[in-house]
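# Architecture at a glance
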Amino acid sequence: MLSDKALRIMKVLVLNRNTPITVKMLSVMLDMSERTVNTYLKEVGSFCDREGINYVGRRGVGVYLELEPEDMNRLPELLGQEAPYYDEQDRQFYIRQILLQGWGNYTISLFAEELYVSRQVIGADLEEAERWFQNYEITILRKSRTGVTAKGTEVGFRSALAALCREQKVEFKEESLSCDYRIGIGKAQHLYQVYEKKLVQGVCRALQLFETKSSLVFVDYSFIMMVEYLCVQIKRMEKGFIVKEEELVILSPGRAGSVLSESLADTLEYVCGVRYPAKERSYIYLLLSGAEFRQEEHVRQEDQCARQQVEEICRHIVSYLSAATGLDFYREKRLFSGLESFLYKCIVRTRCGFEIRNPFLEDVKTNYGIIFNTCFGMGAYIREVIGRIPSEHEIAFLTLLIGGALIRIEKRVNAVLVGAGSLFLAEMTTKKIEKRMEGLRIIAVLSKDELDKAQTLSCDMVITTIQGLKCDLPAVYVTPVVDDRDALRLQKACSEVFTLRLGRPEQITLRSYIRPEFILLDVETVAKNKLIEMGFQVLRDHGCVTDSYYQEVLYRETISSTEIGNGVAIPHGIENSVLIPAVCMIRLQKRIDWGSAPVDIIFMLALNFNDGETTRRFFKLFYEKAGNENIVKLLRTARTEEEIMEILQ
């Protein structure tokens, strides 16, 4: 066991993981003399040797620990809990909380002292906090004498506080009843501890009374959103923070919207005992405009600007999806209607910074991975229209709408099989093809002499086991075994059928974006950020991206994992930092966790999402390749860059 002073030093080194810290800094932070620190560092070094932890001491640089993930997992047990222990997540939460509370007297040194880390670590934490605050249009100001402060709108501060409160760790006590059937017991306990039980119960009661009076019923996730933001609103008003007039010029309240917001404000005043000034009543109007109800209601009909934006985005999404997937979404009236209804609310929430929680998020990312990431590409267009990109929870709802439309759309290719062997062999080949190729139906089995009959059948192509067979219809050769390469040829042929149906012949392949020098095979598994950096360097060295591309990709990963299933990830940026559209492929020796699932194939996408045509053409091709298990399997077993290029042809 370590002595008390050695334990305190060890914990500071753990908190400063891989970052050198000098003896002088340790002396100041732990209130010990430098001589004492040097003495107990010897004990720390011996302890690390015994436990297999890499302890590094460099003259003129400092001391630090080279910690692997397995080291971090066993350190809490080794060190015990005698002294404060704050991991990176704890520090990030504490810094955001202090800045949002508006305590302007906090300096970097004070943060470092309270959290037992160096100023260098706090500097890195503040950079991460800045990226988080950008989502709410809040900036961090650093001044040498007055400390670190956050600056932004009151609406932005409230959205950030609501998001921070969702992250807050709480200790769950004995089960108690929820204040509403739409809030689970676990979520209710979290709300009670974060916002105070009396306040949460009061807000829930006011919303229930409002529903009775208005004959409107909130859907589950909108009810929770209303509770969270109303609790934040009341707490901010109690501290004297009131929204400003210019922050509320987002929607123009119509008569129906004003009546509803006035009714809810009056109810909150009665139940919760708070006074609602005119500006805060307008804030309630914004919340109601972003809420969804089980009945059709009239608030969303009020704002003409938002309605026009919805129609513009709907048209773009339908066009984008049709081009990206090779399917005809133009006739999907149910999709267009669903998009109109959802997007109005989504636009209001996104513009105002209100966040909802999609309970199906992880399932959507797992089952509709490619569609989910395709929708993020459309998110860049939505930002052009409204100034912000929707959250991953909003994108997941959009994905569900599109996924439902995909199921409804007819995506079937009819083919005839022309074989050289017996009828039994042809039937066996038919079963193998239909088992491997979902959506491909063999409507007839013909001999070579009966080939003319194919013209009279409603078929799209001919599949044959006869090499060199010539016919008027598109033909594809397969072996009786129907192996992976046969499946690849069939997939390509089906894609060409869909393209011809829509009358949009495709002139490019994935090889238009990827070159042999963009392919890195059997790369040693390292940290996720390091792999992203590798791909970035390849693309930058070939003049495809600017220096800002790397940070944009990292930022995109903080929004949502880009893992799309089949062990494939597609990291990409969301800004215009692409000079030449390109793709870098990295195949790993072993799988690495990518946030939502492990992956071993990474496609680093450098696309200019502002160039809609390029993006649509790419995703059409990529949808066919990365979503096909047979193709991904071939990519894993390919031995050379040339084989990869052939598979992607």
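Above this text is the structure in question.
Structural notes, computed from the coordinates. Every value quoted in this text rests on a predicted model; they were computed, and no experiment measured them.

## Regarding the overall build of the protein
When its secondary structure is counted, the protein shows 25 helices and 13 strands. For the protein, buried positions account for 54% of its 649 residues. A separation threshold of at least 6 residues defines the contact pool for the protein, and within that pool the share at least 24 residues apart is 70%. Split by element, the accessible area of the protein, about 30200 Å² in all, is 49% carbon and sulfur.

## Description of the nonpolar core
Ranked by size, the top nonpolar core spans 117 residues in total, and within it Tyr195, Met226, Val227 and Ile402 carry the most contacts. The biggest single contributor to this core is helix 11 (residues 220-238), with twelve residues. For Met226, the contacting residues outside a window of four places in its chain are Leu207, Phe218, Leu264, Leu287, Leu288 and Ala291.

## Here we look at the pattern of salt bridges
In the structure shown here, the tally under the stated rule is 33 salt bridges. Residue Asp125 is joined to Arg91 by a salt bridge in which the shortest nitrogen-to-oxygen separation is 2.6 Å. You can see Asp125 sitting in helix 7 (residues 119-134) and its partner Arg91 sitting in helix 5 (residues 88-101), a full 34 residues away along the chain. The exposure class assigned to Asp125 is buried, which follows from its relative accessible area of 3%. Taken together, the salt bridges that share partners define one network made up of Arg166, Lys187, Glu228, Glu355 and Arg357.

## Focus: the sheet that holds strand 8 (residues 475-477)
Taken together, four strands build an open sheet; the order of strands is 6-5-7-8 and the sheet is parallel. A strand with exactly one partner marks an edge of an open sheet, and here the two such strands are strand 6 (440-446) and strand 8. For this sheet the average axis-to-axis angle between neighbouring strands, irrespective of direction, equals 30°. As judged from the three bridges shared by strand 7 (residues 461-464) and strand 8, these two strands associate in the parallel manner. Each bridged residue has a counterpart across the sheet, and for Thr464 the counterpart in strand 8 is Tyr477.

## Some details on the sheet that holds strand 10 (residues 563-565)
One open sheet holds the five strands; their spatial order is 9-12-13-11-10, and the pairing between them is mixed. For this open sheet the edge positions go to strand 9 (519-523) and strand 10, each flanked by a neighbour on one side alone. Relative to strand 11 (residues 568-569), strand 10 is paired through two bridges, and the arrangement is antiparallel. What sits directly across from Glu563, in strand 11, is Ala569.

## Details of the packing of aromatic side chains
Per the counting criterion, the structure on display carries twelve aromatic pairs. On the numbers, 6.3 Å between centres and 65° between planes, the contact of Phe218 with Phe223 is edge-to-face. Residue Phe223 is classed as buried on the basis of its relative accessible area of 0%. Taken together, a centroid distance of 5.8 Å and an interplanar angle of 90° make the contact between Tyr283 and Phe354 edge-to-face. Taken together, the residues Tyr283 in helix 13 (residues 278-290) and Phe354 in the loop between helix 15 (333-352) and helix 16 (361-367) connect sequence positions 71 residues apart. Like Phe354, Tyr283 is buried. One aromatic cluster in this structure is built from Phe210, Phe218, Phe223 and Phe293. Taking the ring centre of Tyr283 as reference, the NZ or CZ of Arg158 above it sits at 4.8 Å.

## A few points about helix 15
Given a rise of 1.5 Å per residue, 20 residues ought to cover 28 Å, and the 29 Å separating the end C-alpha atoms of helix 15 matches this to within 8%. Across the 20 residues of helix 15, 14 count as buried, placing the element largely inside the fold.

## Here's the deal with the pairing of strand 5 (residues 413-418)
Burial analysis of strand 5 places six of its six residues in the buried class, which makes it a mostly covered element. Alignment of strand 5 against strand 6, held across six bridges, turns out to be parallel. Paired with Val418 across the bridge in strand 6 is Leu446. In the sheet, strand 5 pairs with strand 7 via four bridges, with the strands oriented parallel. Paired with Leu417 across the bridge in strand 7 is Ile463.

The rules behind each value
Residues numbered from 1 in each chain as written. Predicted model: local features only at pLDDT ≥ 70, side-chain atom pairs only at ≥ 80, totals over all residues. Heavy atoms only, no water. Helix = DSSP H or I, 4+ residues; strand = E, 2+ residues; numbered from the N terminus. Buried < 20%, exposed > 50% of the residue type's maximum accessible area, 1.4 Å probe, protein only. Contact = heavy atoms within 4.5 Å. Areas by Shrake-Rupley, 256 points an atom, 1.4 Å probe, with all protein chains shown as cover. Core = buried A, V, L, I, M, F, W, Y, C linked by side-chain atoms within 4.5 Å. Salt bridge = Lys/Arg side-chain N within 4 Å of Asp/Glu carboxyl O. Pairing = 2+ DSSP bridges. Axes fitted to C-alpha atoms, helices over the stretch in contact; angles between N-to-C directions. Phe/Tyr/Trp six-rings, centres within 6.5 Å; stacked < 30°, edge-to-face > 60°. Lys NZ or Arg CZ within 6 Å of the ring centre and 35° of its normal. Expected span 1.5 Å × (residues − 1).

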